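Remarks on the overall topology
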Amino acid sequence: MSETQNRFDVVVIGAGPGGYVAAIRAAQLGMTTACVDSRGALGGTCLNVGCIPSKALLHSSERFAAARDRYAEHGIELGEVKLDLGRMMSRKDDVVAGLTKGIGQLFKKNGVEHVHGTGCIPKPGEVEVALEGGGTRTLVADRIVIATGSDSTPLPGVEIDEKRIVTSTGALALDAVPEHLVVVGAGVIGLELGSVWRRLGARVTVIEYLDRILPGMDHELARHAQRLLGKQGLEFRLSSAVKRAEVGTDAVALSVEAAAGGAAESLQADVVLVAVGRRPYTEGLGLDEVGVTRDDRGFIQVDDRFETSVPGIHAIGDCIPGPMLAHKAEEDGVVCVEMLAGQSGHVDYGKVPAVVYTAPEIAGVGKTEDELREAGVGYNAGKFPFLANSRGRAIGETDGFVKVLADAKADRLLGVHIIGPFAGDLLQEAVVALEFGASAEDLARTVHSHPAMGEAVKEAALAALGRAIHV
Ligand code: NAI
């Protein structure tokens with residue numbers, strides 16, 4: 001390979017949502033770009049073993065549970081509803097394959113070269129790739145963008161084998177419905193994948209260290225979510241810690257203690273899902289040798305141009321501080337390479353939406369009520385239940401509510417939180433409103449179509465102003 005073929009304006013390491021989007025945007029801006037990834041299928045954790053397969057299974061399992069438990073109320077008699085888990089899994093695999101291939105096509109269209117192998121940085125300006133097919137290739141780059149993402153945080157005393165003790169990766173590919181699934185961690189992954197297997201028939205126990213589920217989300221929503229998920233059969237053991245797990249022939253024996261300490265109790269599970277968070281993945285890049293600084297939790301430190309402690313080496317997404325979410329990584333990637341092209345930019349981590357795809361969905365943007373109280377900010381809170389929303393009533397989806405938080409004096413929107421049907425999609429108008437510095441009055445005076453779930457957002461904004469119409 002000639003030297004010119006190995007020289008690029010930008011080399012991105014990692015083809016997850018952060019990396020592949022950064023590579024495409026860099027190419028759009030006229031930079032010669034390569035994207036290095038060891039996985040055959042592009043798209044990183046999100047497309048291959050994260051967001052996409054989990055959403056496919058969440059949707060399929062929700063349809064299954066609805067056919068089994070809820071269609072009769074609409075006057076639809078189906079007889080016995082049977083699960084074909086193999087078919088459900090192969091549909092999920094097809095969805096993933098279609099989307100990952102699509103990124104390959106986008107790379108071709110934009111002229112991004114995918115270099116299939118594992119990259120490291122022997123020195124600034126150089127990425128050495130151990131090629132998947134054997135051999136090495138050295139890429140010379142004006143700018144390097146590290147987008148290597150994250151992997152699951154291990155739990156001491158609980159060894160992952162991805163068969164009986166699994167991370168989200170194994171939990172997305174079980175070949176049978178476990179009789180008893182124990183989920184460690186009541187965060188996003190625990191609740192989403194716990195929901196999938198509960199709907200498909202497993203008994204599911206969720207063990208959480210804290211005295212609440214979904215830390216980081218608005219507390220009132222989390223309490224409401226726990227009640228609704230409890231009704232679906234998820235059993236919660238809060239303020240509890242798993243100390244050890246031993247795989248036996250028939251079951252996994254877990255030793256569980258109260259978080260405050262005390263005597264251990266034994267719990268049997270067929271499968272254990274460990275979902276206690278994710279940590280930045282920067283193994284094998286040679287960061288220490290090249291002088292890239294990380295914080296004490298392993299996140300790469302960057303300045304407001306996403307540049308690390310080494311000039312010319314940048315980092316984005318889950319491996320730098322900020323919310324560990326695909327859409328945040330994408331924005332990081334776009335802004336990072338736009339700045340490399342001489343443009344200016346900024347990602348406001350205070351306005352990154354978060355969505356939990358349980359049923360109902362749970363979504364939030366901006367400040368939570370707990371954060372506002374703690375910061376001593378005066379605010380008005382307006383709430384509107386989906387029970388009072390006509391579309392919700394028509395389609396039989398009435399669980400949950402919208403909560404709008406606005407500054408007590410200026411009326412500027414501070415946060416919007418939704419638990420309810422399509423909460424993730426409904427939230428987006430609030431994200432736009434926050435981004436534009438809108439007030440609750442702006443949201444309340446915006447025409448919303450009728451009958452639509454979105455009217456609940458308008459009504460919650462009206463409620464923050466003390467003048468909701470339908471409650
Ligand atoms: P998480 O941070 O959402 O939740 C982890 C939970 O485990 C916390 O509630 C924590 O208190 C608990 N925990 C920690 N140590 C524990 C222990 N020893 N025993 C019991 N509980 C313990 O992490 P999760 O669910 O693993 O997700 C990882 C990342 O992936 C998050 O950043 C999340 O935002 C992201 N993600 C996002 C999704 C989405 O946007 N829908 C879907 C799935 C993951």
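These figures come from a predicted structure and were not determined experimentally. Every residue gets a number counted from 1 within its own chain, in the order that chain's sequence is written. Totals for whole chains, interfaces and linings use all residues, but because this is a predicted model, local features are given only for residues with pLDDT of at least 70 and pairs of side-chain atoms are given and counted only at 80 or more. In computing side-chain values, all of the structure's heavy atoms are included and hydrogens and water are not.

1. Some words on the domain arrangement of the protein chain
- Boundaries between domains were set according to an automatic or database domain assignment. If you check the domain split of the protein chain, you get domain 1 (4-152 + 280-349), domain 2 (165-276) and domain 3 (360-464).
- With centres defined by C-alpha atoms, the gap from domain 2 to domain 3 works out at 30 Å.
- Two residues qualify as a contact provided that any one of their heavy atoms is within 4.5 Å of a heavy atom in the partner residue. Between domain 2 and domain 3, the contact holds 11 residues from the first and 15 residues from the second.
- Buried surface area refers to the total accessible area, computed with a probe of radius 1.4 Å, that the two partners give up upon joining, counted for both partners together. When the buried surface of domain 2 facing domain 3 is broken down by residue, Asp218, Glu220 and Leu221 rank first, second and third, together holding 49% of it.
- Any Lys or Arg side-chain nitrogen located within 4 Å of an Asp or Glu carboxyl oxygen qualifies as a salt bridge. The tally of links from domain 2 across to domain 3 stands at 3 salt bridges.
- Taking the shortest distance from any N to any O, the salt bridge between Lys383 and Glu220 comes out at 2.3 Å.
- Under this definition, polar contacts are N or O atom pairs within 3.5 Å; protein pairs additionally need one hydrogen-donor-capable and one acceptor-capable atom, and for neighbouring residues in sequence, both atoms have to be side-chain atoms. Summed over the shared surface of domain 2 and domain 3, the result is 5 residue pairs in polar contact (both at pLDDT 80 or more).
- Looking at side-chain class alone, the side of domain 2 that touches domain 3 contains 5 nonpolar, 4 polar and 2 charged residues. By the convention adopted, Pro, Cys, Tyr, Trp, Phe, Met, Ile, Leu, Val and Ala count as nonpolar, Lys, Arg, Asp and Glu as charged, and the other residues, Gly among them, as polar.

2. Regarding unusual backbone geometry
- Cis rather than trans, the peptide bond between Ala359 and Pro360 has omega equal to 0°.
- Strands are runs of DSSP state E lasting at least two residues, helices are runs of H or I lasting at least four, and both sets are numbered from the N terminus onward. Inspection of the secondary structure puts Pro360 in the loop between strand E17 (354-356) and strand E18 (361-366).
- The peptide bond linking His450 to Pro451 adopts the cis configuration, its omega dihedral lying at -5°.
- By secondary structure assignment, the location of Pro451 is in the loop between helix H13 (440-445) and helix H14 (455-464).
- The phi torsion at Phe422 lies on the positive side, around 55°, for a residue other than glycine.
- Structurally, Phe422 can be placed in the loop between strand E21 (413-420) and helix H12 (423-435).

3. Describing the sheet that holds strand E10 (residues 235-237)
- What the 5 strands build is an open sheet, ordered E7-E14-E8-E9-E10; its pairing is parallel. Each having just a single partner strand, strand E7 (165-166) and E10 make up the two edges of the open sheet.
- Where strand E8 (residues 180-184) meets strand E9 (residues 203-207), 5 bridges bridge the pair, whose relative direction is parallel. Bridging from a neighbouring strand, Val184 pairs with Ile207 of E9. Here the rule is simple: two strands pair whenever DSSP picks up at least two bridges between them.

4. Some remarks on the site of the ligand
- The immediate surroundings of the ligand are formed by 23 residues, with Ile189, Glu192, Glu208, Gly277 and Val355 found nearest.
- The backbone of Tyr209 places a nitrogen or oxygen atom 3.1 Å from a nitrogen atom of the ligand.
- A distance of 3.5 Å separates an oxygen atom of the ligand from a polar backbone atom of Ala275.
- Here the accessible surface of atoms and residues is derived via Shrake-Rupley with a 1.4 Å probe, and residues count as covered only by protein chains that are part of the display. Calculation on the ligand without its partners gives an accessible area of 840 Å², and the protein chains cover 78% of this total.
- Of the residues assigned to the shell around the ligand, the class counts are 15 nonpolar, 4 polar and 4 charged.
- Here the shell around the ligand spans two domains, since at least three of its residues come from each of domain 1 (4-152 + 280-349) and domain 2 (165-276). The criterion for a residue being near a molecule or strand is simple. One of its heavy atoms has to lie within 4 Å of it.

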